Amino acid sequence: MHGLSAFPITPMDGRGHADVPALVRLVGDLASARVQSIGLLGSTGSYAYLPRQTRAEVTALAVEAAGAVPVVVGIGAPGLGMVLDHARDAVEAGASALLLAPVSYQPLREEEVFTLYRIVAAEAGLPLVLYNNPGTTGVTFSPALIARIGALPGVVAVKMPPSADAATEIPALRAALPADVTLGYSGDAKFAGALAAGAEAWFSVLGGLFPKPCLDMLAAAGDAERLAALDVRLAPVWEVFGRLTSYRVIHAAAGLMGYGAPVPPLPVLPLQGEDLAAVEAALTEAGLLE
């Protein structure tokens, strides 16, 4: 689970169906770029909007297209039974690991979150990644809860949100987690700081479409000057991510890059007009779109 875990969109055709040619090409291109893993059906991949049948279909197609590159599949859902159904589908498709966010309609207590991970880790049949995403799930993991879940047999990595104090948070979490559990971060705009502080994996939205600059940043770990320069180059993208959301921006960017005409599942609307022009301008300024 170390290195770049590239999180692609799930290309959709506007009628609620997966755009199979675009999906296969996108995943194949990530595999050719030699990303360390592919994070399928994460938040960027619209897992929360898609029915079981679509998720199973997308997983099977992506695993085949990825070849030897491990595919980590999001299985989050509001009920434990649904989570285990998604896990079984991922196992059947040949996924390498599972990504679990504690999605729930009712606010979850800490013991309820732990129970979810304990059961899934024991029954799912694949290595499990803890997905800490309080902005969408409403669940904030305490350091103690992260350490407790990280100690469960079968848990292999933790996916953390952006940190305002990575230099303090990362060493503390690293010390609390088992040595064989990878500590990784999302939040592309702040990842340079996390990498400098010791993050071991990058769960990246940008990497799901533009893997090379992300791989370059990971290769610059330990070279503060080069890392900062690469991060500054991508600043226009970080700005539109923050203003328009990375989810909407990366869908628009995928269309600009020729991966079909992907649109987010309704009720999310695709970027148009000035917003779409801003995405194109940011990608061009960052050297990602010629």
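Whatever comes next refers back to the structure up there.
Since the model is a prediction, treat every value here as computed from it, not as a measurement.

Asker: Help me understand helix 7 (residues 166-176) in this model?
Answerer: Since the α-helix turns once every 3.6 residues, residues separated by three or four places project in the same direction. Every buried residue of helix 7 is listed here: Ala-166, Ile-170 and Leu-173. Buried residues in helix 7, looked at end-on, bunch into an arc of 75 degrees, giving them a common side. Pointing more than 90 degrees away from the buried face of helix 7 are the exposed residues Ala-167 and Ala-175.

Asker: Looking at this model, I keep getting lost on the nonpolar core. Mind explaining?
Answerer: In globular proteins that are soluble, nonpolar side chains generally tend to be buried together. With 103 residues, the main nonpolar core has Tyr-117, Val-120, Phe-141, Ile-149, Tyr-185 and Leu-206 as its most contacted residues. Ranked by residues supplied to this core, first place goes to helix 4 (residues 110-123) with 6 residues. Beyond its immediate sequence surroundings of up to four residues, Leu-206 is in contact with Asp-188, Pro-211, Cys-214, Leu-234, Val-237, Trp-238, Phe-241, Ile-250 and Leu-288.

Asker: Just checking my understanding: could you explain the sheet that holds strand 7 (residues 182-185) for this structure?
Answerer: Strand pairing in a sheet relies on backbone hydrogen bonds, with the paired strands running either antiparallel or parallel. Read once around its circumference, the closed barrel built from 8 strands follows the order 1-2-3-4-5-6-7-8, with strand pairing classed as parallel. Taking each pair of neighbouring strands and ignoring which way they run, the sheet shows an average axis angle of 25 degrees. Of the strand pairs in this sheet, strand 4 (residues 97-100) and strand 5 (residues 128-131) are connected by 3 bridges, and their pairing is parallel. Across the sheet, residue Leu-98 finds its bridge partner in strand 5, namely Leu-128.

Asker: Explanation requested: the packing of helix 2 (residues 52-66) against helix 3 (residues 80-93) in the structure shown.
Answerer: A pair of packed helices is captured by two measures, namely the crossing angle of their axes and the spacing between those axes. Close contact between helix 2 and helix 3 brings their axes to 9 Å; oriented N to C, the two are set at 25 degrees. Judged by the angle between their axes, helix 2 and helix 3 are roughly parallel. In this structure, helix 2 crosses over helix 3, and the sense of that crossing is right-handed. Together, Arg-52, Arg-55, Ala-56, Thr-59, Ala-60 and Val-63 of helix 2 and Asp-85, His-86, Asp-89, Ala-90 and Ala-93 of helix 3 make up the contact between the two elements. The class makeup of the residues in the contact of helix 2 with helix 3 is 5 nonpolar, 2 polar and 4 charged.

Asker: What is the right way to read the packing of helix 1 (residues 20-32) against helix 2 from this model?
Answerer: At a minimum axis distance of 8 Å, the contact between helix 1 and helix 2 shows a crossing angle of 40 degrees. In terms of orientation, helix 1 and helix 2 fall into the oblique class. Remark: the crossing between helix 1 and helix 2 carries right-handed chirality. Each of Val-20, Leu-23, Val-24, Val-27, Gly-28 and Ala-31 in helix 1 lies in contact with helix 2, whose residues at this interface are Glu-57, Val-58, Leu-61, Ala-62, Ala-65 and Ala-66. Looking at the contact of helix 1 with helix 2 residue by residue, the class counts come to 10 nonpolar, 1 polar and 1 charged.

Asker: I keep staring at the packing of aromatic side chains and nothing clicks. Help me out?
Answerer: Each pair of aromatic rings is reported with the distance of its centres and the angle of its planes. Applying the stated criterion across every chain, the model contains 5 aromatic pairs. Consider the rings of Tyr-117 and Phe-141, whose centres lie 6.1 Å apart with planes at 75 degrees: the pair is edge-to-face. In this pair, Tyr-117 sits in helix 4 while Phe-141 sits in the loop between helix 5 (134-137) and helix 6 (143-150), placing the two residues 24 residues apart along the sequence. Across the pair, exposure class does not vary: Tyr-117 and Phe-141 are buried alike. Seen from their ring centres, Trp-238 and Phe-241 are 5.9 Å apart, and the 50 degrees between their planes marks the pair as tilted. Note that Trp-238 and Phe-241 are positioned in helix 11 (residues 235-244) at a spacing of 3 residues, about one turn of the helix.

Scoring rules and cut-offs
- Residues numbered from 1 in each chain as written.
- Predicted model: local features only at pLDDT ≥ 70, side-chain atom pairs only at ≥ 80, totals over all residues.
- Heavy atoms only, no water.
- Buried < 20%, exposed > 50% of the residue type's maximum accessible area, 1.4 Å probe, protein only.
- Helix = DSSP H or I, 4+ residues; strand = E, 2+ residues; numbered from the N terminus.
- Arc of directions from axis to C-beta.
- Core = buried A, V, L, I, M, F, W, Y, C linked by side-chain atoms within 4.5 Å.
- Contact = heavy atoms within 4.5 Å.
- Pairing = 2+ DSSP bridges.
- Axes fitted to C-alpha atoms, helices over the stretch in contact; angles between N-to-C directions.
- Parallel < 35°, antiparallel > 145°, perpendicular 65-115°, else oblique.
- Left-handed = near helix turned anticlockwise from the far one by under 90°.
- Nonpolar A, V, L, I, M, F, W, Y, C, P; charged D, E, K, R; others polar.
- Phe/Tyr/Trp six-rings, centres within 6.5 Å; stacked < 30°, edge-to-face > 60°.

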